[in-house]
Amino acid sequence: MLHSQPIRKVVILGGGTAGWISAALLKKLLGEAVAIELVESETIGTVGVGEATIPPIQVLNSVLGINEAEFLRETKATIKLAIRFENWKQQGHQYYHSFGAIGKSMAFCHFHHLLKRAGGLDDESQLWQYDLNYLCAEAGKFAKIKSKDPIIDMPYAYHFDAGLYAQYLRKFSEKLGVVRTEGLVEQVVQCQQSGSVQALVLKSGQKVTGDLFIDCSGFKGLLIQDTLRTGYEDWSHWLQCDSALAVPTERHEKTAPYTRSIAHSAGWQWRIPLQHRNGNGLVYSSSHYSQQEAADILMSNIDTKPLADPKLIRFQTGRRYQQWHKNVIAVGLASGFLEPLESTSIHLIQSAVVRLVHLFPHQGITTDIVDEYNKQSKVEFEQIRDFLILHYHVTERTDSQFWRDMRAMEIPDSLRHKIALFQENGRLFRDQNDLFLENSWLQVMVGQGIIPKDYHPTANSMSLEYIEETLKKIKAIKADPVSKLPSHDEFLAHYCKLGK
Ligand SMILES: Cc1cc2nc3c(=O)[nH]c(=O)nc-3n(C[C@H](O)[C@H](O)[C@H](O)COP(=O)(O)OP(=O)(O)OC[C@H]3O[C@@H](n4cnc5c(N)ncnc54)[C@H](O)[C@@H]3O)c2cc1C
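Scoring rules and cut-offs
One numbering rule holds for all chains: residues counted from 1, following each sequence as written. Local features are withheld for residues below a pLDDT of 70 in this predicted model, meaning they are given only at 70 or higher, and side-chain atom pairs are given and counted only at 80 or more; totals for whole chains, interfaces and linings count all residues. The side-chain values count all of the structure's non-hydrogen atoms but skip hydrogen atoms and water molecules. Residue exposure (1.4 Å probe, protein chains only): buried if accessible area is under 20% of the type maximum, exposed if over 50%, otherwise partly exposed. In this description a helix means any DSSP run of H or I spanning at least four residues, a strand means any run of E spanning at least two, and both kinds are numbered starting from the N terminus. Here, any two strands with at least 2 DSSP bridges between them count as paired. Note on definitions: angles span 0 to 180 degrees between N-to-C directions of axes, and those axes are lines fitted to C-alpha atoms, for helices only across the stretch in contact. Angle categories: roughly parallel below 35 degrees, roughly antiparallel above 145, roughly perpendicular from 65 to 115, and oblique for all the rest. Any two residues having at least one pair of non-hydrogen atoms within 4.5 Å are treated as being in contact. For this classification, the nonpolar set comprises Ala, Val, Leu, Ile, Met, Phe, Trp, Tyr, Cys and Pro, the charged set comprises Asp, Glu, Lys and Arg, and every other residue, Gly included, is treated as polar. What counts as a domain boundary in this text is fixed by an automatic or database domain assignment. Summed over both partners, the accessible area (1.4 Å probe) lost when two parts come together is defined as the buried area. A pairing counts as a salt bridge when a side-chain nitrogen of Lys or Arg comes within 4 Å of a carboxyl oxygen of Asp or Glu. Two N or O atoms count as a polar contact when they lie within 3.5 Å, although within protein this holds only if one can serve as hydrogen donor and the other as acceptor, and sequence-adjacent residues are included solely when both atoms are side-chain atoms. Note on definitions. A residue lies near a molecule or strand when any single heavy atom of the residue is within 4 Å of it. Accessible surface area values rest on a Shrake-Rupley calculation with a 1.4 Å probe, where residue burial reflects the displayed protein chains alone. Put simply, a crossing is left-handed when the front helix is turned counterclockwise from the back one by less than a right angle, and right-handed when it is turned clockwise. Nonpolar side chains (Val, Leu, Ile, Met, Phe, Trp, Tyr) are joined into patches within 5 Å and like charges within 9 Å, using only residues with over 30% relative accessible area and no salt bridge. UniProt positions are given in the numbering used here, feature names are shortened, and annotations may be inferred rather than shown by experiment.

## Thoughts on the pairing of strand 5 (residues 94–98)
Now for step 1: Among the 5 residues in strand 5, 4 count as buried, and that is most of the element.
Now for step 2: When strand 4 (residues 82–86) meets strand 5, the two strands line up antiparallel, connected through 5 bridges. Across the sheet, residue Ile83 finds its bridge partner in strand 5, namely His97.

Have a look at this one:
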């Protein structure tokens, strides 16, 4: 037994997105069984970015019992159907990674094999003609679709204002009974024998004691690293961007229901549309751009008026070797960071807290619990890491040293294996629990320029005429709802008034 006391009180250090998601979800799911106190310091503040999400956030909201209309209104949110990747494969080229299911799933034969057999995958842009998310993203349309036909489905996520989101979750958590303490943690008290954390000492002298500590203190990892020294696995040889400049700008007249990711010569730029403003930023490699160069690139590629000066954020991609150590669990940026290319960090917070709930050490912390938690977190981070490296490595760009380096770099064996299987005849497998399904890997592989040499022979079990007829029908079914839907802005204007 690492810590033999029953866990009655959880202390969360940090009131950013990680701190407040942890507080809300733990309190909602564990109820009166544990008391929760969250300590945060307004003088330090939060990282202030993190505005694009992926569809599993809907599960989080639904478990918390959040009213969607109120949520959209309070966080000034918009709908996200996809990410549009521009200039990634080549300058001037674009493709979507959408949340929709492309085509129709067939027993034992992925849709893309049929498309390949009918010649539709050689002209890669054909792929997205079978995707409702893509069609609506391009048309700037959205509504919550209810259809009995399972191929008419439009999974979505949100863009929201990070500051408003933290405030929203704070109000929500306090209503559930989470206690918030304002104050700067200046000292951490550890048990002399075990090294476990016993208390946080604030600048005011106040001592906050607990049984289990969740470190949501951001990049520095005040408990997991500064106190327990667990070490960091550095992945910056693969994910080389290490800096970001973020700037809010005035909103566009029309808000697009997708994130834009625009590659530059040594990094990429995000554009996130919100109801009241746009979020913009440049993620870049500081070995290739000076801060001034990065600022010039960012500011000359925004198309509405800036509302503040660009803010610099430095980071190192990778993960803590042990995300749970002794009685401390790191969640959010304190646990590691994989750069924001596929908007996975907020999801990793959600997934870490759900994992903790499943393994919650009600009767005390054991080695088995900690090992299981760390094993699952490691695999989850590695799978996302591979998906992100794919975007950088598989490119036809040779116009800058950065992109030449990306093409030439050694990639993890797990990713090399996945690419090789797909290249040969479109074989795709979902690794167990991989956040990204075959559909996501398909879009990014094809979008970045890998066209499989052949299709799987199971596609020969149908006649070519039958396949062509089926493709025509699916395309028509997918396109049918688009003209009937309201614009994304009309949807928001109407929906946000609901439930007041
Ligand atoms: C450039 C960039 C873009 C991103 N974009 C996305 C995105 O689009 N989608 C996505 O999912 N994620 C994104 N992320 C990640 C996302 O921002 C974070 O995962 C999320 O904000 C969680 O941050 P956090 O709560 O861990 O840390 P922070 O927001 O840094 O919060 C740390 C908290 O700890 C407190 N604290 C620290 N030290 C002390 C102390 N000594 N005493 C008291 N309190 C203390 C601070 O006051 C603060 O409340 C992005 C990250 C970066 C860097």
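## A few points about the packing of helix 12 (residues 413–425) against helix 13 (residues 438–448)
What describes two packed helices is the angle between their axes and the distance between those same axes.
Now for step 1: Packing of helix 12 against helix 13 brings their axes to within 12 Å, and their N-to-C directions diverge by 80°. Considering the angle they form, helix 12 stands roughly perpendicular to helix 13. Facing Leu415, Lys418, Ile419 and Phe422 of helix 12, the residues of helix 13 in contact are Trp441, Leu442, Met445 and Val446.
Now for step 2: Looking at side-chain class alone, the contact of helix 12 with helix 13 contains 7 nonpolar, no polar and 1 charged residues.

## Observations concerning the sheet that holds strand 21 (residues 336–337)
Now for step 1: Read from one edge to the other, the open sheet built from 3 strands follows the order 12-18-21, with strand pairing classed as antiparallel. Whereas interior strands pair on both sides, the edge strands pair on one side only; in this sheet they are strand 12 (232–234) and strand 21.
Now for step 2: Sheet contacts for helix 10 (residues 367–393): strand 18 (318–320) and strand 21; angle to strand 18, the most-contacted strand, approximately 175°.

## A short note on the domain arrangement of the protein chain
Now for step 1: Taken as a whole, the protein chain is organised into domain 1 (1–236 + 315–494) and domain 2 (243–314).
Now for step 2: On the domain 2 side, the residues contacting the 44 residues of domain 1 number 34 residues.
Now for step 3: Carbon and sulfur atoms make up 56% of the surface buried where domain 1 meets domain 2, a total of about 2900 Å² over both sides.
Now for step 4: Between Asp161 and Arg277 there is a salt bridge; the shortest N-O distance is 3.1 Å.
Now for step 5: Along the contact surface separating domain 1 from domain 2 lie 25 residue pairs in polar contact (both at pLDDT 80 or more).
Now for step 6: Examining the composition of the side of domain 1 that touches domain 2, we find that 5 residues originate from one element, strand 4, more than from any other.
Now for step 7: Of the residues that constitute the side of domain 1 that touches domain 2, the class distribution is 24 nonpolar, 9 polar and 11 charged.

## Some thoughts on helix 5 (residues 132–139)
Now for step 1: The buried count for helix 5 comes to 6 of 8 residues, which makes it a mostly enclosed element.
Now for step 2: What helix 5 keeps buried is the set Leu132, Asn133, Tyr134, Leu135, Cys136 and Ala137.
Now for step 3: Buried residues along helix 5 sit against strand 5 and helix 14 (464–479).
Now for step 4: The residue sitting at the N-terminus of helix 5 and contributing the capping side-chain oxygen is Asp131; that oxygen lies 3.3 Å from the backbone nitrogen of Asn133.

## Let's talk about the site of the ligand
Now for step 1: If you check the shell around the ligand, you find 36 residues, and the closest are Gly15, Ala52, Val185, Lys220 and Ile346.
Now for step 2: Leu333 is positioned such that a nitrogen or oxygen atom in its backbone is 2.9 Å from an oxygen atom of the ligand.
Now for step 3: Separating an oxygen atom of the ligand from a backbone N or O atom of Ile346 is a distance of 2.8 Å.
Now for step 4: When the ligand is considered free in solution it has 1000 Å² of accessible area, and contact with the protein chains removes 97% of it.
Now for step 5: Going through the elements one at a time, helix 1 (17–30) and helix 9 (345–358) are the ones with two or more residues in the shell around the ligand.
Now for step 6: Split by residue class, the shell around the ligand holds 19 nonpolar, 14 polar and 3 charged.

## Points about the environment of Ser125
Now for step 1: In this fold, Ser125 is placed in the loop between helix 4 (111–117) and helix 5.
Now for step 2: One polar contact links Ser125 to Asp123, side chain to side chain, over a distance of 2.9 Å.

## Observations regarding the side chain of Ser41
Now for step 1: Relative to the helices and strands, Ser41 is located in the loop between strand 2 (35–40) and helix 2 (57–64).
Now for step 2: Owing to a relative accessible area of 12%, Ser41 belongs among the buried residues under this scheme.
Now for step 3: A distance of 2.7 Å separates a polar atom in the side chain of Ser41 from a polar atom in the side chain of Thr43.
Now for step 4: When sequence neighbours within four positions are dropped, the list of residues in contact with Ser41 reads Glu182, Gly183 and Leu184.

## A word on the packing of helix 1 against helix 2
Now for step 1: Contact geometry for helix 1 and helix 2: axes closest at 10 Å, N-to-C directions at 50°. Between helix 1 and helix 2, the angle falls in the class oblique. Here helix 1 runs over helix 2; the crossing is left-handed. The segment helix 1 lies against helix 2, with Ile21, Ala24, Leu25, Lys28 and Leu29 engaging Leu60, Val63 and Leu64.

## Examining a nonpolar patch on the surface
Now for step 1: Where nonpolar side chains cluster on the molecular surface, the patch consists of Leu29, Val59 and Val63 and spans about 230 Å² of accessible area.
Now for step 2: With respect to the helices, strands and loops of the structure, Val59 is situated in helix 2.

## Regarding the UniProt feature "binding site: L-tryptophan" (unreviewed entry) in the protein chain
Now for step 1: Within the UniProt annotation, "binding site: L-tryptophan" (unreviewed entry) is assigned to Glu342 and Ile346.
Now for step 2: Summarising the element assignment, Glu342 is placed in the loop between strand 21 and helix 9.
Now for step 3: A distance of 2.9 Å separates polar atoms of two side chains, one belonging to Glu342 and the other to His97.
Now for step 4: Structurally, Ile346 can be placed in helix 9.
Now for step 5: Leaving out residues up to four positions away in the same chain, Ile346 has contacts with Thr17, Ile21, Gly50, Ala52, Thr53 and Phe160.

## Observations regarding the UniProt feature "active site" (unreviewed entry) in the protein chain
Now for step 1: UniProt records the feature "active site" (unreviewed entry) at Lys80, using the numbering of this structure.
Now for step 2: Position of Lys80 relative to the elements: it lies in strand 3 (residues 78–80).
Now for step 3: Residue classification places Lys80 among the buried positions, given a relative accessible area of 0%.
Now for step 4: When residues no more than four places from it in sequence are discounted, the contact partners of Lys80 are Ala52, Thr53, Phe99, Tyr156, Ala157, Tyr158, His159, Pro257, Thr259 and Ser343.

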